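So the chains spell out like this:
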Amino acid sequence: MAAMRRILPLLAVAAVAVADDAFPLRLQAFEEARAFTLEPGGQAKVYPAVEALVATGDARAVSPVSSYVLETITSERRLLEDARRIQKEMGETMERLEAVSRELAQLDLKEKAGDRTVGPAIEQRKSERMLLERQNERRMKEVEQIDRTIGFLRELRGRLVDDCVALLKGRKGDEAATAVAGVRRALDVADKEQALVLVRIFAASDLAEAEDQLLDILAAPKADRAVRLRAQYALARHLSRRGAEALVRLWEREPTRAGVHAQHVLSLAAKKRLATIEEARAWIATLP
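Residues numbered from 1 in each chain as written. Predicted model: local features only at pLDDT ≥ 70, side-chain atom pairs only at ≥ 80, totals over all residues. Heavy atoms only, no water.

Draft legend 1. The environment of Leu104, seen in detail. In this fold, Leu104 is placed in helix α4 (residues 62-112). Between the alpha carbons of Leu104 and Ile122 there is a distance of 6.2 Å; along the sequence they are 18 residues apart. The contact partners of Leu104, leaving out residues within four places of it in the chain, are Ile122, Arg125, Lys126 and Arg129. (Helix = DSSP H or I, 4+ residues; strand = E, 2+ residues; numbered from the N terminus. Contact = heavy atoms within 4.5 Å.)

Shown next, in the form of structure tokens:
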């Protein structure tokens, strides 16, 4: 009985902890809302679900929020492809409309000149013209809807990136590792747009691990040049001796290209102009 009395309070605490863990239910609601992202009025479902998940402050939320960032990127690309296809179809339809208008003008002239056999051809061209105009009106509405949806996706992506930053801030130890892993699993360094988002998130996160992540992106062989450049400048806020030495090596290796930016970043971090690699090394020696 004494052992049972000791166990019961522990069970009660565990039950309260489970009851207080809102993350699983909010994650489920978040995933359900994501299905409506591209539906008309989808934002009315999406935004509350995202806000509720982020409000848990749980490091585990970084992974689904980051994967949602990826979804906005891939969805936007598909929509842009659809828009290009529709615009191509509209161009082809316009060419046919112009041809039909020319044919109608010629037929009208024949009819005015007394040719009574062209009536059916005129009616056929008029019907075709009306059909083509309706097709283009429908396609124009499709393009306008795509444009609105892309605008929503971009706004949503900006919010999600800010949410990722908010969820990363202040993390330490295992929580930081969980959060960082969630971002890195979702976004691919080899994809320029995804990698730029990665840099943006880590640059603003103020995590102790941010420097390692930015250096990893900087060294990624498949990273776009623009991504590596952005990563270099992001390092200015997170520079330790290890990161500074990596930039000096880059300066030595590519003195007229990436090294120029590496020199600038080192100078920004040092708050003075470092004109030579020797000066940079002397400053690095003062770092902890």
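Draft legend 2. Highlighting the pattern of salt bridges. Using the criterion set out here, one finds 23 salt bridges in the structure. A network of salt bridges, in which partner residues are shared, links Glu76, Arg77, Arg154, Arg157, Asp191 and Glu193. (Salt bridge = Lys/Arg side-chain N within 4 Å of Asp/Glu carboxyl O.)

Draft legend 3. Quick peek at the environment of Arg249. By secondary structure assignment, the location of Arg249 is in helix α10 (residues 241-253). Since its relative accessible area comes to 45%, Arg249 is described here as partly exposed. For the pair Arg249 and Ala262, spaced 13 residues apart in sequence, the C-alpha to C-alpha distance is 9.1 Å. (Buried < 20%, exposed > 50% of the residue type's maximum accessible area, 1.4 Å probe, protein only.)

Draft legend 4. Quick peek at the packing of aromatic side chains. On inspection of all chains with the given rule, the structure shows two aromatic pairs. Between Phe30 and Tyr68, the ring centres sit 5.4 Å apart and the planes meet at 85°, which makes this aromatic pair edge-to-face. Placement of Phe30 in helix α2 (residues 23-34) and of Tyr68 in helix α4 is noted, with a sequence separation of 38 residues between them. Like Tyr68, Phe30 is buried. Summarising the aromatic geometry, the rings of Tyr47 and Phe152 are spaced 5.8 Å apart at their centres and angled 85° between planes, so their arrangement reads as edge-to-face. Of this pair, Tyr47 sits in helix α3 (residues 43-55) while Phe152 is found in helix α5 (residues 119-168), placing the two residues 105 residues apart along the sequence. (Phe/Tyr/Trp six-rings, centres within 6.5 Å; stacked < 30°, edge-to-face > 60°.)

Draft legend 5. Structural detail: the packing of helix α8 (residues 210-219) against α10. Running from N to C, α8 and α10 point in directions that differ by 20°, and their axes come no closer than 10 Å. Between α8 and α10, the crossing angle belongs to the class labelled roughly parallel. The hand of the α8/α10 crossing is left-handed. Contacts between α8 and α10 involve Glu211, Asp212, Leu215 and Leu218 from the first element and Arg242, Gly243, Ala246, Leu247 and Leu250 from the second. In the contact of α8 with α10, the residues fall into five nonpolar, one polar and three charged. (Axes fitted to C-alpha atoms, helices over the stretch in contact; angles between N-to-C directions. Parallel < 35°, antiparallel > 145°, perpendicular 65-115°, else oblique. Left-handed = near helix turned anticlockwise from the far one by under 90°. Nonpolar A, V, L, I, M, F, W, Y, C, P; charged D, E, K, R; others polar.)

Draft legend 6. Representation of the nonpolar core within the structure. Of all hydrophobic cores here, the largest spans 67 residues; its most connected members are Val183, Leu187, Ile201, Ile217, Leu247, Leu266 and Trp283. Each residue touching Leu266, except ones within four places of it in the same chain, is listed here: Leu239, Ala244, Leu247, Val248, Trp251, Leu274, Ala280 and Trp283. Grouped together as the second largest cluster of nonpolar side chains are eight residues, Ala83, Ile86, Met90 and Leu153 included. (Core = buried A, V, L, I, M, F, W, Y, C linked by side-chain atoms within 4.5 Å.)

Everything listed here is a matter of coordinates, which is why it stays silent on function.
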